[in-house]
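So the chains spell out like this:
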Amino acid sequence: MQRNRYDRFSVTLHWLMAVLLLGQIALGMWMLGLPKDASGLRASWFNVHKSWGMVLGLLIALRLAWALWRPRVAALPQPRPMQLLATGAHRLLYLLMLLMPLSGFVGSVFSGYPIRFFGLRLPQLAERWDGAKELASGVHQWSAWALVLLIALHVLAFVHHQVIRKEPLLQRMR
Ligand code: HEM
Ligand code: HEM
């Protein structure tokens, strides 16, 4: 049977990850401006970003598995093209949420620097490889911008439904 609202677990993950993702994006952009000096400040914020990034990677894997496994949520009553657009945008959000931690991790593996998970040094998986690091960093950077754009569209779509069309959208994700 189809439900017309999201279950508790999906709702909790949606809002928890919304906060963590926005914080992680802001941190990623801010830390790039830190000076490359001997204070170690830049490296320690990079480690904070990598640690939370890996937590987010685990959370998205869990969220994706749950989204595929849980009972289906009925679509909003709206024209088919709008419905397809919403489904497409949600799938793209999932894809970008997956690509972000993966590209960040792969780039860091090939950077030659050790990866620490909240202070715990992880085993070194590969030697430094500049080409692979640059490719993964490029994916990380472009996916970040695509994610920011899509989140903005997502919030605009939410405002359109909730405020302009006065549909009880928030009740579905609460
Ligand atoms: C203030 C910010 C946000 C608001 C108000 C919001 C609101 C919502 C609402 C109301 C829904 C349910 C749509 C429906 O009824 O079908 C939804 C779904 C969704 N949201 Fe957000 N959201 C926000 C931020 C985010 C962020 C940061 C992300 C992550 C990139 C995100 C990813 C998703 C995804 C993937 C779905 C689809 C869930 C599914 O069908 O599996 N949202 N959002
Ligand atoms: C959902 C998870 C993540 C988000 C949203 C995120 C977001 C960002 C953003 C917005 C930036 C700055 C833009 C740029 O790349 O130029 C950045 C940079 C960076 N991120 Fe992430 N990140 C995530 C996960 C990770 C993970 C898991 C790692 C490594 C284990 C990582 C490592 C890095 C590094 C090293 C940089 C500096 C630029 C570079 O060398 O590519 N990130 N991240």
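Whatever comes next refers back to the structure up there.
Here is a short report on the structure shown in this document. The shown structure was predicted, so the numbers you read here are calculated from the model rather than taken from an experiment. (Residues numbered from 1 in each chain as written. Chains lettered and ligands numbered in written order. Predicted model: local features only at pLDDT ≥ 70, side-chain atom pairs only at ≥ 80, totals over all residues. Heavy atoms only, no water.)

### Considering the coordination of the iron atom of ligand 2
Ideal geometry at a metal centre gives angles of 109.5 degrees when four donors are arranged tetrahedrally and 90 or 180 degrees when six donors are arranged octahedrally.
So, step 1. Protein-derived coordination of the iron atom of ligand 2 comes from H49 (NE2) and H140 (NE2), at a distance range of 2.0 to 2.1 Å.
So, step 2. Considering all 6 donor atoms around the iron atom of ligand 2, the spread of angles at the metal, 86 to 179 degrees, places the coordination shape in the octahedral class. One end of the pair, H49, is in helix 2 (residues 41-69); the other, H140, is in helix 4 (residues 130-164), with 91 residues separating them in the sequence.
So, step 3. Judged by its relative accessible area of 22%, H140 falls in the partly exposed class. (Donors = N, O, S within 2.8 Å, 3.2 Å for Na, K, Ca; no water. Tetrahedral: all angles 85-135°; square planar, octahedral: opposite > 155°, others 65-115°. Helix = DSSP H or I, 4+ residues; strand = E, 2+ residues; numbered from the N terminus. Buried < 20%, exposed > 50% of the residue type's maximum accessible area, 1.4 Å probe, protein only.)

### Description of the site of ligand 2
So, step 1. Around ligand 2 there are 23 residues in total, and H49, G104, K133, S137 and H140 lie nearest to it.
So, step 2. Note that a nitrogen atom of ligand 2 is positioned 2.8 Å from one of the side-chain N or O atoms of H49.
So, step 3. Here S137 contributes a side-chain N or O atom positioned 2.8 Å from an oxygen atom of ligand 2.
So, step 4. One can see that ligand 2 is located within the second largest pocket.
So, step 5. Put simply, the parts of the chain that give the shell around ligand 2 at least two residues each are helix 1 (8-31), helix 2, helix 3 (80-109) and helix 4.
So, step 6. Its residues assigned to classes, the shell around ligand 2 comprises 12 nonpolar, 9 polar and 2 charged. (Near = heavy atom within 4 Å. Polar contact = N/O pair within 3.5 Å; in protein donor to acceptor, adjacent residues only side chain to side chain. 1 Å grid on protein atoms, 1.4 Å probe; cavity = no way out; pocket = protein on both sides within 12 Å on 5 of 7 lines; lining within 4 Å. Sits in = over half its atoms within 2 Å of the grid points. Nonpolar A, V, L, I, M, F, W, Y, C, P; charged D, E, K, R; others polar.)

### Points about a nonpolar patch on the surface
So, step 1. The grouping of M29, W142, W145 and V148 at the surface amounts to a nonpolar patch, some 460 Å² of accessible area in total.
So, step 2. Among the elements that make up the nonpolar patch, the one with the highest residue count is helix 4 (3 residues).
So, step 3. Along the chain, V148 turns up in helix 4. (Patch = residues over 30% accessible without salt bridge, like charges linked within 9 Å, V, L, I, M, F, W, Y side chains within 5 Å. Areas by Shrake-Rupley, 256 points an atom, 1.4 Å probe, with all protein chains shown as cover. Salt bridge = Lys/Arg side-chain N within 4 Å of Asp/Glu carboxyl O.)

### Thoughts on the nonpolar core
So, step 1. Counting 17 residues, the largest nonpolar core has M17, M97 and L147 as its most contacted members.
So, step 2. Breaking this core down by element, the ones donating at least two residues are helix 1, helix 2, helix 3 and helix 4.
So, step 3. Every residue in contact with M97, bar those within four places of it in the chain, is listed here: M17, L21, I60 and R63.
So, step 4. Counting 6 residues, the second largest nonpolar core, distinct from the first, contains M54, V109, I115 and A126. (Core = buried A, V, L, I, M, F, W, Y, C linked by side-chain atoms within 4.5 Å. Contact = heavy atoms within 4.5 Å.)

### Let's talk about the coordination of the iron atom of ligand 1
So, step 1. Surrounding the iron atom of ligand 1 are the protein donor atoms H14 (NE2) and H154 (NE2), at 2.0 Å.
So, step 2. Geometry at the iron atom of ligand 1 is octahedral, judged from the 6 donor atoms that bind it and their angles of 88 to 180 degrees at the metal. In this pair, H14 is assigned in helix 1 and H154 in helix 4, connecting sequence segments 140 residues apart.

### Let's talk about the packing of aromatic side chains
So, step 1. Here the structure, examined in full by the defined rule, presents 6 aromatic pairs.
So, step 2. The interplanar angle of 80 degrees and the centroid separation of 5.5 Å between the aromatic rings of F9 and W66 together place this pair among those described as edge-to-face. Taken together, the residues F9 in helix 1 and W66 in helix 2 connect sequence positions 57 residues apart.
So, step 3. A relative accessible area of 36% places F9 in the partly exposed class.
So, step 4. What makes W66 partly exposed here is its relative accessible area of 21%.
So, step 5. Taken together, a centroid distance of 5.4 Å and an interplanar angle of 45 degrees make the contact between W66 and W69 tilted. One end of the pair is W66 and the other is W69, both in helix 2 and 3 residues apart, which spans about a single turn.
So, step 6. Since its relative accessible area comes to 70%, W69 is described here as exposed.
So, step 7. Through a chain of ring-to-ring contacts, three or more aromatic side chains come together here, namely F9, W66 and W69. (Phe/Tyr/Trp six-rings, centres within 6.5 Å; stacked < 30°, edge-to-face > 60°.)

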